[in-house]
Each structure stands twice: as structure tokens, then as C-alpha cells.
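Each chain, written out:
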Amino acid sequence: MNIRKSLLALAGAVALQATGPADAVAATHRPAKKSVVAKAAPAPAKNAKARNRAAARAAFASPQVQRTAALAVAPEMDHEGNPVLASAAFMVADQATGTVLLEKNSDAVLPIASITKLMTAMVVLDARLNLGEVLTVANDDVDTLRGSSSHLPVGVDLTREDMLRLALMSSENRAASALARHYPGGLPAFVAAMNRKAVSLGLKDTRFSDSTGLNSANVSSARDLVKMVSAASRYPLIREFSTTGNYTVYLNGRPRQFGNTNALVKSPDWQIGVSKTGFINESGKCLVMQAWLLNKPMIIVLLDSFGRFTRVADAQRVKRWLESAAAQQRLAEVVRGGPTT
């Protein structure tokens, strides 16, 4: 795992000054200078024994159970003090400076599933189309590639704004399809606009073939997605819609409540500015976020997680890792008689 170890420098800056949320700026992705990351303290002996017992029991279970059990008893940190994440590719970066704090397989080009919808939203908003215009879900919006279900029946009418909200918040594929179909020039023009936008943002590994992410030809890398999430965070409606916890729309006169596909947006422990999940078989479970951690805007990209809850657990591990390093830095300052703020 290729780790950019610049966390203590970041934590030191936090320890020396109290800062509050400010407008996020695009990540510049300057190469990070390497510095030493504080190593995690060894686990108490009784915890080690408990992990050994759990591992022994798992040895007699099915392969799937063994894999799940292995994750459950895996240590939070490796021998260098970096978090042990289950996602196959990831990147964590300070959005304000572009400093990469953590990465693995960040240049691997992978299917991104519904992370695509962040680009869909940017293209819709860039076109300055009437958000109050009523769009109709048609047969052309039904997923015939994978047969995925939807809560939006054919024939239902919603405003472009509600379609955009449901695509970002609940990852509604029919909403994302309808947005592209109602774009001037239809789906081909929309996909062309998506790829032009990717080029304009400097996304060298990113290609789009549809507006939903159901097509596995929609690909990107963790490094590119850090840039894409940073760009998406400049759109107030994307920030609002992607982090809405629940929303009710009327479908053919009947209320229907939709929820966010990322449970973390409802957690009081998180301050999330942009969120998007994704999943198809080829991509595994994916999660991208812009979140405020250590009073700084961070971009978290987690790709190809195999378990239902792994991407959320990985995000929590990243958060604990950052907070633990900051706490260690503050303690070191106190011991040395330095700043305590």
C-alpha cells in the first residue's frame, strides 16, 4: 500500500490554530512531502487473545463467513500506524491544499457505478436548464441492462429539481436517465457533455457512457474522483441534494418518502458537504465524500468494497485515524509545554 505520510503535519496545524468551516477550494494534488506518522499503540493482550479466538472459530466456517470474520477481527492500524481499510482502491486528501494523506491503488481505472451521478448533476446544472420544468419518466428510462428496480413508475411526472435530488440522494437511476433524456440533444449529447466536463476538470482516467452508472464502461480512478468530488462541492444544490437525509415527493398524487443511500449523512458525528454511493457487480461498493474533519475539508474516495457495510466502516476508520493523530499531536505539544489550543 502506497501511503503519503503527511498526517502529523496536518494535525500540527490543527493543534496550533482553531479553524472553522470555510468555502472549499479545488484540490491541486501537489505531491505530498513525506513525514512520520505516529504509530498506533499495541493492543492490550486480552484484545489480542479475543481476536485469536475469533479467528480460530472462523477457520471452520464457510469461505464467505471466514472473509467477513477476518475483517471483523482485523486490527484498526497497521505496523506503521496507518488505518487498515477493506476498500481495494482509495484516496484521502486535504481539499484545501491538495495534500494526499492516504492512498492505495489510486491510479487504478475502475468502474464507478452511481458515483457517475455527480457528473450528471454538474452537467445538468452547467446547462442552466429550468429546474421547475416537469419531466416524465418514460419506458426509455427503465433499466434493461441490469433489471434494477425503481420507486419511480413509468409515466410519473416530477420537476427537474426533484429528479436531480432523487438521483443524488437516493441514486434513482430512472431520475438520472430522465435528466439526460430531457437534455438538449438527448442522451448522446448529454454523454458528450459529461466527457467534455471530465476533460475540463483534468480527469485523465475518467470516461462516461451513460448518466446513471449502470454501464460498467463508466470508469475513473480514485485520484480523478478526488478532483471530481472537489468540483462537485462548488455547486450549492449538489451539496444540498446529496446530503439530504430524507425527502418526500408525490407520485401520481401519493406521498412517497425517499432516503439517502449513505447513512453517515444522518450521523451527528459527521459534517458532510458532498456524498455519493455507488454499486454494480463490476465496481463493488463505492463511496465518495467531502467531509469536514479536523476543521478542514477532506475528500474521501473509497472504491471496490465487497461487503454491505465495508465502505461506511472504512470511512469511520479514516475519521478515527485522523482524530487519533490530532489527539496525539496535541498531547505531544502539552508534554513539550507548547500550545494547547
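1. Some details on the pattern of salt bridges
- Overall, the coordinates contain 10 salt bridges when judged by the stated rule.
- Where Arg-223 meets Glu-103, a salt bridge forms, and the shortest distance between an N and an O atom there is 2.9 Å. Highlighted residues: Arg-223 in helix H8 (residues 222–232) and Glu-103 in strand E2 (residues 100–104), separated in sequence by 120 residues.
- Ionic pairing is found between Arg-223 and Asp-107, a salt bridge with its closest N-O pair at 2.8 Å.

2. Side note on the packing of helix H6 (residues 173–181) against helix H7 (residues 186–200)
- It is the contact of H6 with H7, at a shortest axis distance of 7 Å, that shows an interaxial angle of 95°. Relative to H7, the element H6 is oriented roughly perpendicular. Together, Leu-179, Ala-180 and Arg-181 of H6 and Gly-186, Leu-187 and Phe-190 of H7 make up the contact between the two elements.
- Class assignment of the residues belonging to the contact of H6 with H7 gives a composition of 4 nonpolar, 1 polar and 1 charged.

3. Quick look at H7
- The terminal C-alpha atoms of H7, which comprises 15 residues, lie 21 Å apart, in line with the 21 Å expected from a rise of 1.5 Å per residue.
- Taken as a whole, H7 has its buried residues at Gly-186, Phe-190, Val-191, Ala-193, Met-194, Lys-197 and Ala-198. Relative to the axis of H7, the buried residues are bounded by an arc of 155° and lie together on one face. Along H7, exposed side chains directed more than 90 degrees from the buried face belong to Pro-188, Arg-196, Val-199 and Ser-200.
- Residues of H7 that are buried sit in contact with helix H4 (116–126) and H6.

4. Let's talk about the confidence of the model for the chain
- Looking at the chain, the pLDDT average stands at 82 and 76% of residues meet or exceed 70.
- Scored below 50 in pLDDT, residues 11–74 shows 85 contacts in the model against residues more than four places distant or in partner chains.

5. Let's talk about unusual backbone geometry
- In this model, Asn-252 sits at a positive phi of 55°, which is unusual for a non-glycine residue.
- For Asn-252, the position within the fold is in the loop between strand E7 (246–251) and strand E8 (254–259).
- Its identity as a non-glycine residue notwithstanding, Leu-294 has a phi of 55°, on the positive side.
- Topologically, Leu-294 is positioned in the loop between strand E10 (284–293) and strand E11 (296–305).

6. Some details on the nonpolar core
- Of all hydrophobic cores here, the largest spans 56 residues; its most connected members are Leu-118, Met-119, Leu-152, Met-163, Met-228 and Ile-238.
- Those residues within four positions of Met-119 in sequence are excluded, and the remaining contacts are Met-194, Lys-197, Ala-198, Leu-201, Leu-203, Phe-208 and Met-228.
- Listed in part, the 23 residues of the second largest apolar core include Leu-85, Leu-264, Val-265 and Ile-300.

7. So, H8
- Most of H8 sits inside the fold, with 10 of its 11 residues counted as buried.
- When we look at burial in H8, the residues that qualify are Ala-222, Arg-223, Asp-224, Leu-225, Val-226, Met-228, Val-229, Ser-230, Ala-231 and Ala-232.

8. A look at the pairing of E8
- Two strands pair when backbone bridges link them, and E7 and E8 are joined in this way by 6 bridges, in the antiparallel orientation. Paired with Asn-246 across the bridge in E8 is Gly-259.

9. Section: the side chain of Thr-212
- Positionally, Thr-212 belongs in the loop between H7 and strand E6 (219–220).
- Of the polar contacts made by the side chain of Thr-212, one reaches the side chain of Asp-210; its length is 3.0 Å.
- Residues within four places of Thr-212 in sequence aside, it is in contact with Ala-113, Ser-114, Thr-116, Lys-117, Asn-173, Ala-176 and Ser-177.

10. Re the packing of aromatic side chains
- For the coordinates displayed, the defined rule picks out 1 aromatic pair.
- Ring geometry for Tyr-183 versus Phe-190: centroids 5.1 Å apart, planes at 85°, classification edge-to-face.
- We note Arg-165 situated over the ring of Tyr-247; from NZ or CZ to the ring centre the distance is 4.1 Å.
- Note that Lys-285 overlies the ring of Phe-279, its terminal NZ or CZ placed 4.5 Å from the centroid.

Calculation notes
Residues numbered from 1 in each chain as written. Predicted model: local features only at pLDDT ≥ 70, side-chain atom pairs only at ≥ 80, totals over all residues. Heavy atoms only, no water. Salt bridge = Lys/Arg side-chain N within 4 Å of Asp/Glu carboxyl O. Helix = DSSP H or I, 4+ residues; strand = E, 2+ residues; numbered from the N terminus. Axes fitted to C-alpha atoms, helices over the stretch in contact; angles between N-to-C directions. Parallel < 35°, antiparallel > 145°, perpendicular 65-115°, else oblique. Contact = heavy atoms within 4.5 Å. Nonpolar A, V, L, I, M, F, W, Y, C, P; charged D, E, K, R; others polar. Expected span 1.5 Å × (residues − 1). Buried < 20%, exposed > 50% of the residue type's maximum accessible area, 1.4 Å probe, protein only. Arc of directions from axis to C-beta. pLDDT = per-residue confidence, 0-100. Core = buried A, V, L, I, M, F, W, Y, C linked by side-chain atoms within 4.5 Å. Pairing = 2+ DSSP bridges. Polar contact = N/O pair within 3.5 Å; in protein donor to acceptor, adjacent residues only side chain to side chain. Phe/Tyr/Trp six-rings, centres within 6.5 Å; stacked < 30°, edge-to-face > 60°. Lys NZ or Arg CZ within 6 Å of the ring centre and 35° of its normal.

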